[in-house]
Amino acid sequence: MARYEVLNNISHKDLRVITRRGADLGDAVGGCAVYPTEFNELQKYYPILFQKNENSGWLAIVLFGFNSNENLFLTGHDWRVPYVPAVIEREPFVIGMQEHMSGSIEPVVNVDLDSPRISINGDGEALFLRHGGNSPFLEHITTVLSVLHEGVAEAERMLVEFERLNLIEKITIEVAFSNGTSYKNTNYATISKERLLALPDDEIVKLHRSGLLRYAYLIIGSITNIQRMVDIKNSEFEK
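Predicted, not measured: the structure shown is a model, and the values here were computed from it. (Residues numbered from 1 in each chain as written. Predicted model: local features only at pLDDT ≥ 70, side-chain atom pairs only at ≥ 80, totals over all residues. Heavy atoms only, no water.)

Engineer: What's the story with the overall build of the protein in this structure? I'm lost.
Structural biologist: Of regular secondary structure, the protein possesses 7 helices and 13 strands. For the protein, the residues scored as buried account for 45% of the 239 residues in total. For the protein, the proportion of contacts with a sequence separation of at least 24, taken over those separated by at least 6, is 70%. Each charge sign in the protein was given a centre, from 23 positive and 32 negative side chains, and these centres are 3 Å apart. (Helix = DSSP H or I, 4+ residues; strand = E, 2+ residues; numbered from the N terminus. Buried < 20%, exposed > 50% of the residue type's maximum accessible area, 1.4 Å probe, protein only. Contact = heavy atoms within 4.5 Å. Lys, Arg positive; Asp, Glu negative; His and termini not counted. Charge placed at Lys NZ, Arg CZ, Asp CG, Glu CD.)

Here's what the structure looks like:
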């Protein structure tokens, strides 16, 4: 169970974070939630899909594998492609909201002290410089957390419009692997290119000016990355 504390350079001055990749560090997962603020990088490597959440409706995700514990992008202690989704990259940190005595509320960085990535024996990346300033690693993490923080509101805006225009449609993912096994899943959705192209001109203009049209095409284009995953899995069968 996570044990979060607000990060500070006094209590956590000696804290370090293990940055290598590995199943023992929580990377053996079949996918994760993603946000529009990172779609430009994600669409180069992963299929961006929608998954229905019982409580909050549609959620944008990427797939790493074809089952819940399969991560085809994990190779020993490394990640196969240059971009790691922000939800994975930010571990063991999250954004929290802190209320001040004045009544104002501001985002703060929280750290999970029970994360397997936490190190106190000198291994890993330091969070603070010797005299208390943020380390380059912590500055990087702050940027990753900003992608998530800004992405939450952007995702809500995107999904409201995509649902209003009825652009989200369920799909069936069905593939056959070189070893004779197969995979079929009907739980995901994408953007319907046909419905998008059939929209009235004024709606297309609105989507374009709002920046949402670009997201729609990034999602549509990313579907070809499912074949990339199939190729990776087939190559593992051949080893």
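Engineer: Help me understand the pairing of strand β5 (residues 57-63) in this model?
Structural biologist: For a regular strand, side-chain orientation follows a simple rule: the groups alternate between the two sheet faces. Summarising burial for β5: 5 of the 7 residues are buried, a large majority. Sheet topology note: the strand β3 (residues 31-33)/β5 ladder contains 3 bridges and is antiparallel. Bridging from a neighbouring strand, Ala33 pairs with Ile61 of β5. Where strand β4 (residues 48-53) lies against β5, 6 bridges are found, and the strand directions are antiparallel. Bridge assignment links Asn53 to a residue of β5, and that residue is Gly57. Between β4 and the antiparallel strand that follows it, β5, lie 3 residues. (Pairing = 2+ DSSP bridges.)

Engineer: Can you help me understand the sheet that holds strand β9 (residues 105-112) in this one?
Structural biologist: What links the strands of a sheet is backbone hydrogen bonding, and the strands pair in either a parallel or an antiparallel sense. As summarised here, the arrangement of the 3 strands in space is β1-β9-β8, forming an open sheet in which the pairing is antiparallel. In this open sheet, the two edge strands, each paired with only one partner strand, are β1 (4-6) and β8 (93-99). The mean angle between the axes of side-by-side strands here comes to 45°, regardless of whether they run parallel or antiparallel. Along the sheet, helix α3 (residues 136-164) makes contact with β8 and β9, crossing β8 at roughly 75°. (Axes fitted to C-alpha atoms, helices over the stretch in contact; angles between N-to-C directions.)

Engineer: I tried to follow the layout of surface pockets on my own but got confused; where do I start?
Structural biologist: Over the atoms rolls a probe the size of a water molecule, and in doing so it shows where empty space is left. Its boundaries defined by the atoms lining it, the largest pocket holds a volume of some 210 Å³. As for the largest pocket, its lining consists of 13 residues, and the residues nearest its centre are Ser56, Trp58, Ala155, Glu156 and Leu159. Of all elements in the fold, only β5 and α3 reach the threshold of two or more residues within the lining of the largest pocket. Among the elements that make up the lining of the largest pocket, the one with the highest residue count is α3 (6 residues). (1 Å grid on protein atoms, 1.4 Å probe; cavity = no way out; pocket = protein on both sides within 12 Å on 5 of 7 lines; lining within 4 Å. Points joined across faces, edges and corners; volume = space filled by probe spheres on them.)

Engineer: Honestly, the nonpolar core in this entry has me stumped. Any pointers?
Structural biologist: One finds Phe39, Phe50, Phe93 and Phe162 to be the most contacted residues of the largest nonpolar core, which totals 72 residues. Top contributing element to this core by residue count: α3, with 10 residues. (Core = buried A, V, L, I, M, F, W, Y, C linked by side-chain atoms within 4.5 Å.)

Engineer: How do you make sense of the packing of aromatic side chains when you look at a structure like this?
Structural biologist: Two aromatic rings, taken as a pair, are described by how far apart their centres are and by the angle between their planes. Applying the stated criterion across every chain, the model contains 9 aromatic pairs. Ring plane angle 75° and centroid distance 6.2 Å describe the contact between Tyr45 and Tyr46, whose orientation is recorded as edge-to-face. Given the relative accessible area of 0%, Tyr46 is considered buried. Between Tyr46 and Phe73, the aromatic rings sit 4.6 Å apart at their centres with planes inclined by 55°, giving tilted as the arrangement. You can see Tyr46 sitting in the loop between α1 (39-42) and β4 and its partner Phe73 sitting in the loop between β5 and β6 (74-75), a full 27 residues away along the chain. Across the pair, Phe73 and Tyr46 agree in class, each one buried. Counting every residue linked through ring pairs, the aromatic cluster contains Tyr45, Tyr46, Phe64, Phe73 and Trp79. (Phe/Tyr/Trp six-rings, centres within 6.5 Å; stacked < 30°, edge-to-face > 60°.)

Engineer: What's the story with helix α6 (residues 212-222) in this structure? I'm lost.
Structural biologist: One full turn of an α-helix is made of 3.6 residues, so residues set three or four places apart face in the same direction. Among the 11 residues in α6, 8 count as buried, and that is most of the element. All buried positions along α6 are accounted for by Leu212, Leu213, Tyr215, Ala216, Leu218, Ile219, Ile220 and Ser222.

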